[in-house]
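Read off the chains here:
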Amino acid sequence: MAARGDGQAVVLSGEPGIGKSRVVDALIDSVIRDGARVFAFQCSSYHQNTALYPVQVHLEQSIGRTPEDGASETLVKLEHFFANYPFADVTTASLMAALLGVALPQGTTTAHPSPEQQKLQAHAALMSWMAEEAERQPLLLVFEDLHWADPSTLELVGQIIDQIPTIPLLAVLVARPGFAPPWGSRSYLTPLVLASLNSDQVEAITRATTSGLALPASLIAYIVERTDGVPLFVEEVTKSIVESGAL
């Protein structure tokens, strides 16, 4: 649906280790094979007070910024990068530089009279960037660990959700249980909860982990009990059993 222009969003939630990242990785591999673009944003528990931190990281990667780049080099890279987008104007590069915390060289063109105005313009520019990318080819937008997102990032995600129906875009929003999204329910917003595995599913993972070796039913039951059916823990416990030589 998203590829046809009917944007969609999915809120993927589950306990740590339940397999959220694996689902996202498989989806990313699939859409890339189908010719779609991917914008991936990773929220961090260490940067919950840094405005738009996951966007900063993605933007730096997109323009090829290095730790050695000073203000002038970063501004040039931003100018070259956004020169390919019709929405960008003479102030876009300086606006994105400010988002990255780069001190602008004297004489740089700016049009951001206040912090609030600058934030509004930054969000508008980011939305335009994503929209133009999505119009060129279908776009998968991933925000991981949204339970650690800073308020500005959550505000941007809310704006993205508001505009999704008009953009060929699929947004996958990943969080742990207990995360309370600041946006309401929408017809195009699907909640998806990853639950613990049952014994048959645990057995399938143990077979994959042991290269096809079938474990006794009693050992499968032990693994289910020890791991609560969490896929990551199932793999770890199975590997430890194999490596111990107990089999």
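Everything numeric in this text was worked out from a predicted model, so none of it was measured.

Our next topic: the nonpolar core. Core analysis: the biggest nonpolar cluster contains 48 residues, and L78, M96, L141, L146, L173 and W183 have the highest contact counts within it. For this core, the element with the most residues is helix α5 (residues 115–136), which contributes seven residues. If sequence neighbours within four positions are ignored, L141 has contacts with F39, F41, M130, I160, L169, L170, A171 and V172.

Here we come to the packing of helix α7 (residues 199–209) against helix α8 (residues 217–227). Describing two packed helices takes the angle between their axes plus the distance from one axis to the other. Close contact between α7 and α8 brings their axes to 10 Å; oriented N to C, the two are set at 105°. As summarised for this structure, α7 and α8 are arranged roughly perpendicular, according to the angle between their axes. Judged by residue contacts, S199, V202, E203 and T206 of α7 engage I220, I223 and V224 from α8. Each residue belonging to the contact of α7 with α8 can be placed in one class, and the counts come to four nonpolar, two polar and one charged.

Here we come to unusual backbone geometry. Glycine aside, the phi torsion of most residues is negative, and most peptide linkages are trans. Unusually for a residue other than glycine, L52 sits at a positive phi of about 55°. Mapped onto the elements, L52 comes out in the loop between β2 (37–42) and α2 (53–63). On the basis of relative accessibility, which here comes to 6%, the residue L52 falls in the buried class. In the Ramachandran plot, D145 falls in the positive-phi region, its phi being about 55° despite a non-glycine side chain. Along the chain, the position of D145 falls in the loop between β3 (139–144) and α6 (151–163). Its relative accessible area of 17% is what places D145 among the buried residues.

Parameters and conventions
- Residues numbered from 1 in each chain as written.
- Predicted model: local features only at pLDDT ≥ 70, side-chain atom pairs only at ≥ 80, totals over all residues.
- Heavy atoms only, no water.
- Core = buried A, V, L, I, M, F, W, Y, C linked by side-chain atoms within 4.5 Å.
- Buried < 20%, exposed > 50% of the residue type's maximum accessible area, 1.4 Å probe, protein only.
- Helix = DSSP H or I, 4+ residues; strand = E, 2+ residues; numbered from the N terminus.
- Contact = heavy atoms within 4.5 Å.
- Axes fitted to C-alpha atoms, helices over the stretch in contact; angles between N-to-C directions.
- Parallel < 35°, antiparallel > 145°, perpendicular 65-115°, else oblique.
- Nonpolar A, V, L, I, M, F, W, Y, C, P; charged D, E, K, R; others polar.

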